[in-house]
Amino acid sequence: MDLKRRVDTARALADEAASLALDHFQRRAELRVEKKGLQDLVSRADREVEALIRDRLAQAFPNDALLGEEGGGGTAEGTWVVDPIDGTTNFLRGLPHWGVSIGFVLRGRVELGVIHAPALGERYVATRGGGATLNGERIRVSDTSALPEALLGLGSSRRTPLPPYTERLAALLQAGVEYRRLGSATMHFAAVARGSLDGYFEAHLSAWDACAGLLLVEEAGGRTNDFLAGDGLREGNAALVAGPGLYPALAAALGVG
Ligand code: LIP
């Protein structure tokens with residue numbers, strides 16, 4: 001399996017996809033906003049960006065599978081997981097915290113992840129064993145180890161019931177945590193990997209929201225839960241990431257492995 005060619009292809013493709021997405025972002029008044037569900041929006045920008053990524057990867061790696069947020073798909077020994085615009089609501093409302101997320105999972109393990117947030121001028125790349133970079137510079141998670149000193153990302157969606165989210169939030173605030181909710185899993189993972197957030201939890205993410213970001217945090221020296229355990233690739237899972245000093249206390253406070 002030629003991982004080097006896949007990394008190089010994913011990096012160039014994320015740049016091309018981000019450029020298309022940014023063009024739509026700058027002309028978003030022309031987009032018709034569609035509802036997939038309560039507070040779950042989409043537009044032709046998501047579909048066009050995903051179609052571009054699908055076409056390029058199908059040409060370059062015809063034996064790989066692809067799972068995408070808008071077009072679904074299947075899995076194989078090597079599976080691409082693609083969120084064309086993660087943080088769609090931010091995108092459609094003109095907020096800059098959104099990104100193109102491309103990950104590659106080989107035999108149940110994430111091997112590469114590329115995240116490009118063009119409205120922020122940020123491109124993240126992670127390869128297993130190769131480290132994590134932001135715009136070519138190595139990044140590392142924070143050294144925070146105590147909850148009363150932690151700034152966390154706490155995401156939620158209508159895919160999970162509300163009470164556990166509000167109960168967890170109340171318990172963490174009682175423990176002294178401060179939190180942010182960026183509206184994009186990808187932006188949360190990126191913030192943890194560069195040390196701007198100390199950790200991030202969300203009760204359910206799809207593989208396309210999470211895989212690239214999970215490897216980014218791991219390669220930046222962070223800890224992650226076993227997101228792909230069970231049928232995580234096809235069904236999604238909870239996601240918890242943090243620096244190594246904070247992870248045990250945060251996992252215990254959340255009751256997550
Ligand atoms: C979003 C995630 C976010 C989650 C939202 C949604 P999308 O992805 O980034 O963490 O809470 O429900 O899944 O739909 O903007 O690509």
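Along each chain, residues carry numbers from 1 onward, in the same order as the chain's sequence is written. Reporting in this predicted model follows two pLDDT cut-offs: at least 70 for local features of residues, and 80 or more for side-chain atom pairs to be given and counted; totals over whole chains, interfaces and linings ignore these cut-offs and use all residues. Heavy atoms from the whole structure form the basis of all side-chain values; hydrogens and water molecules are not counted.

Undergrad: Would you mind showing me how to read the nonpolar core here?
TA: Working definition of a nonpolar core: buried Ala, Val, Leu, Ile, Met, Phe, Trp, Tyr and Cys residues. They are joined through side-chain atoms within 4.5 Å. Here the term buried applies to any residue with accessible area under 20% of the maximum for its type, exposed to any over 50%, and partly exposed to those in between, with areas from a 1.4 Å probe on protein chains only. With 37 residues, the main nonpolar core has Ile139, Phe189, Leu205, Leu216 and Phe227 as its most contacted residues. Where helices and strands are cited, they refer to DSSP runs of H or I of at least four residues and of E of at least two residues respectively, numbered from the N terminus. At nine residues, the largest contribution of residues to this core is made by helix H6 (residues 207-219). Note on contacts: a residue pair qualifies if any of its non-hydrogen atoms lie within 4.5 Å across the two residues. Residue contacts for Ile139: discarding those within four places in its chain leaves Tyr124, Ala132, Thr133, Leu134, Ala193, Arg194, Leu216 and Ala220.

Undergrad: It is not clear to me how the site of the ligand should be interpreted in this structure. Could you clarify?
TA: When we say a residue is near a molecule or strand, we mean one of its heavy atoms is within 4 Å of it. Neighbouring the ligand are 15 residues, the closest being Glu69, Asp86, Gly87, Ala185 and Glu202. Here a polar contact means two N or O atoms within 3.5 Å. Within protein one must be a hydrogen donor candidate and the other an acceptor candidate, and residues neighboring in sequence count only if both atoms are side-chain atoms. Note that an oxygen atom of the ligand is positioned 2.8 Å from one of the side-chain N or O atoms of Glu69. When isolated, the ligand has an accessible area of 380 Å², and the protein chains bury 88% of it. Going through the elements one at a time, strand S4 (78-86) and strand S12 (199-205) are the ones with two or more residues in the shell around the ligand. Partitioning the shell around the ligand into residue classes produces four nonpolar, five polar and six charged. Surface accessibility follows the Shrake-Rupley procedure with a 1.4 Å probe radius. Residue values consider only the protein chains on display as shielding. Residue polarity follows a fixed list, in which Ala, Val, Leu, Ile, Met, Phe, Trp, Tyr, Cys and Pro are nonpolar, Asp, Glu, Lys and Arg are charged, and the others, Gly among them, are polar.

Undergrad: Got a minute to help me understand the packing of helix H5 (residues 185-193) against H6 in this structure?
TA: Between two packed helices, both the angle of their axes relative to each other and the distance between the axes serve to describe the pair. With axes taken as lines fitted to C-alpha atoms, and helix axes fitted only over the stretch in contact, angles between N-to-C directions fall between 0 and 180 degrees. Packing of H5 against H6 brings their axes to within 9 Å, and their N-to-C directions diverge by 0°. Taken together, H5 and H6 sit at an angle that is classed as roughly parallel. Residues Ala185, Thr186, Phe189, Ala190, Val192 and Ala193 of H5 pack against Asp209, Ala210, Gly213, Leu214, Leu216 and Val217 of H6. A breakdown of the residues in the contact of H5 with H6 according to their chemical character gives nine nonpolar, two polar and one charged. Any angle that is under 35 degrees is reported as roughly parallel, and any over 145 degrees as roughly antiparallel; angles of 65 to 115 degrees are reported as roughly perpendicular and all others as oblique.

Undergrad: Help me out: how do you make sense of the sheet that holds strand S5 (residues 99-106) in this one?
TA: The strands that make up a sheet are held in pairs by hydrogen bonds between backbone atoms, and each pair lies either parallel or antiparallel. Pairing between strands requires that DSSP locate at least two bridges from one strand to the other. Ordered in space as S3-S4-S5-S6-S7-S8-S9, the seven strands form an open sheet in which the pairing is mixed. Each end of this open sheet is capped by a strand with a single partner; those strands are strand S3 (65-68) and strand S9 (137-138). As defined by bridge partners, S3 adjoins S4 across four bridges and the pair is classed as parallel. Residue pairing across strands places Leu67 opposite Val81, the latter belonging to S4. Most of the contacts of H5 go to strand S6 (residues 109-117), to which it runs at about 100°, and overall it touches S4, S5, S6 and strand S7 (122-127). This element, H6, spans S3, S4, S5, S6, S7 and strand S8 (131-134) of the sheet and lies at about 100° to S6.

Undergrad: Help me understand the pattern of salt bridges, please; the structure alone is not making it clear to me.
TA: Working definition: two side chains of opposite charge can pair if their charged atoms are close together. Every case where a carboxyl oxygen of Asp or Glu lies within 4 Å of a side-chain nitrogen of Lys or Arg is listed as a salt bridge. With the rule as written, the count across this model stands at 21 salt bridges. Across the salt bridge formed by Asp8 and Lys4, the nearest N and O atoms sit 2.5 Å from each other. With Asp8 and Lys4 both in helix H1 (residues 3-26), this residue pair falls four residues apart, about one helical turn. Put simply, Arg6 and Asp64 hold a salt bridge, and the shortest N to O gap is 2.9 Å. In this pair, Arg6 is assigned in helix H1 and Asp64 in the loop between helix H2 (44-60) and S3, connecting sequence segments 58 residues apart. Residue Arg6 is classed as buried on the basis of its relative accessible area of 7%. Connected via shared salt-bridge partners are Lys4, Asp8 and Arg11.

Undergrad: Which parts of the structure should I look at to understand the packing of aromatic side chains?
TA: The relation between two aromatic rings is expressed through the spacing of the ring centres and the mutual angle of the planes. Note on aromatic contacts: the rings of Phe and Tyr and the six-membered ring of Trp form a pair at centre separations within 6.5 Å, being stacked when their planes are under 30 degrees apart, edge-to-face when over 60 apart, and tilted otherwise. Taken as a whole and judged by the stated rule, the model has six aromatic pairs. Taken together, a centroid distance of 5.2 Å and an interplanar angle of 50° make the contact between Phe25 and Trp98 tilted. Of this pair, Phe25 sits in helix H1 while Trp98 is found in the loop between helix H3 (88-93) and S5, placing the two residues 73 residues apart along the sequence. Of the residues examined, Phe25 reaches a relative accessible area of 9% and is grouped as buried. Between Trp80 and Phe104, the aromatic rings sit 4.8 Å apart at their centres with planes inclined by 50°, giving tilted as the arrangement. Of this pair, Trp80 sits in strand S4 while Phe104 sits in strand S5; the two residues are 24 residues apart in sequence, bridging distant segments of the chain. Grouping residues by exposure puts Trp80 and Phe104 together as buried. Ring-pair connections join several aromatic residues into one group, and the members of that group are Phe25, Phe91 and Trp98.

Undergrad: Honestly, H2 in this entry has me stumped. Any pointers?
TA: It helps to recall that an α-helix has 3.6 residues per turn; residues three or four apart then point in one direction. In a helix, the anticipated span is given by 1.5 Å times the number of residues less one. The end-to-end C-alpha distance of H2 is 24 Å, a good match for the 24 Å that 17 residues give at a rise of 1.5 Å each. Turning to H2, its buried residues are Ala45, Asp46, Val49, Glu50, Leu52, Ile53 and Leu57. Viewed end-on, H2 has its buried residues packed into an arc of 155°, placing them on one side of the element. Where H2 is buried, its residues meet H1, strand S2 (40-42), S3, S4, H3 and S5. Of all possible arcs, the one meant is that of the directions from the helix axis to the C-beta atoms.

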